[in-house]
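Understanding the architecture of this molecule
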Amino acid sequence: MTEDSDSAFDGGAVLGDDGLRRTPWGAAAGMMRDYYDTEWGMPVSGERAHFERLCLEGFQAGLSWATILRKREAFREVFVDFDVDQIATFGPHDVERLMGDARIVRNRAKIDATITNAQATIALREDVGLEAFLWSYKPADTPRPKTMAEVPTTSPESIALSKALRTRGYRFVGPTTMFALMEAIGIVDTHLVDSYRRGASGVWPN
């Protein structure tokens, strides 16, 4: 997880009150642990799921992931469950409606980018589609960090993915944001090596 002020830990895996070791940002009981235990680092399926995560990582830029996670259900509601075809038709009226909704991150540039990215995703269907496009940047190997200080924030693949998406018309897809996306959906595995979740995605061996 990158670009996240909640990840200010740089130590090794933390032993939880349930006897399991986790990456520090997912160690404390509550919302972030639940997310770490059940979703983070796990592959998703289909265009909509990949589009949602790409958009939410974009909204998270400069903020904590906890902030986005708390607002996720509201994001899903206002962006019609991240239905690409519907979002692509949003116009100025919709942007103003979203800017007035305090339940989400009211950043005009990020809202505009979500609409633009939906349109770019539709165009990408004529090629390989968003899901296959993202996974085509899976590296030959994955990091094996022992501490948070060893977790990278970008990679050659995230830099290349960022550039390729921008060429396709996407916005708010910088290299750090794309590395966070790659972590979130299992394209890379940055669970600390002592975490009980290491290798949970099935994409990478422990």
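Up top is the structure these notes are about.
I will try to describe carefully the structure that is included in this document. Just so you know, these numbers come straight off a predicted model, no measurement behind them.

**Considerations on the overall build of the protein chain**
Within the protein chain one finds nine helices and two strands. Taken from the N to the C terminus, the helices and strands of the protein chain come in the order β-β-α-α-α-α-α-α-α-α-α. Expected size for 206 residues packed as a compact globule is a radius of gyration near 17 Å; at 17 Å, the protein chain falls within 12% of this value. Overall, the C-alpha framework of the protein chain stretches about 50 × 35 × 25 Å when taken along its three principal axes. Here the protein chain holds 206 residues, and the buried ones make up 51% of them. A separation threshold of at least 6 residues defines the contact pool for the protein chain, and within that pool the share at least 24 residues apart is 68%. If you average the places of the 24 positive and of the 30 negative side-chain charges in the protein chain, the two averages end up 2 Å apart.

**Some words on unusual backbone geometry**
One non-glycine residue with positive phi stands out, namely Asp81, at about 55°. Structurally, the position occupied by Asp81 is in the loop between α3 (65-78) and α4 (84-87). Unusually for a residue other than glycine, Phe82 sits at a positive phi of about 55°. When you line up the elements, Phe82 lands in the loop between α3 and α4. The buried category is assigned to Phe82, whose relative accessible area is 0%.

**Observations concerning helix α8 (residues 156-167)**
Here α8 spans 17 Å end to end across 12 residues, near enough to the 16 Å set by a 1.5 Å rise per residue. When we look at burial in α8, the residues that qualify are Ser158, Leu161, Ser162, Ala164 and Leu165. Contacts made by the buried residues of α8 are with α2 (47-60), α7 (130-135) and α9 (175-184). Directly after α8, the chain includes Gly169, whose backbone phi takes a positive value near 100°.

What counts, and at which threshold
- Residues numbered from 1 in each chain as written.
- Predicted model: local features only at pLDDT ≥ 70, side-chain atom pairs only at ≥ 80, totals over all residues.
- Heavy atoms only, no water.
- Helix = DSSP H or I, 4+ residues; strand = E, 2+ residues; numbered from the N terminus.
- Rg over C-alpha atoms; globule rule 2.2 N^0.38 Å.
- Buried < 20%, exposed > 50% of the residue type's maximum accessible area, 1.4 Å probe, protein only.
- Contact = heavy atoms within 4.5 Å.
- Lys, Arg positive; Asp, Glu negative; His and termini not counted.
- Charge placed at Lys NZ, Arg CZ, Asp CG, Glu CD.
- Expected span 1.5 Å × (residues − 1).

Take it as geometry only, folks, not as evidence of what the structure does.
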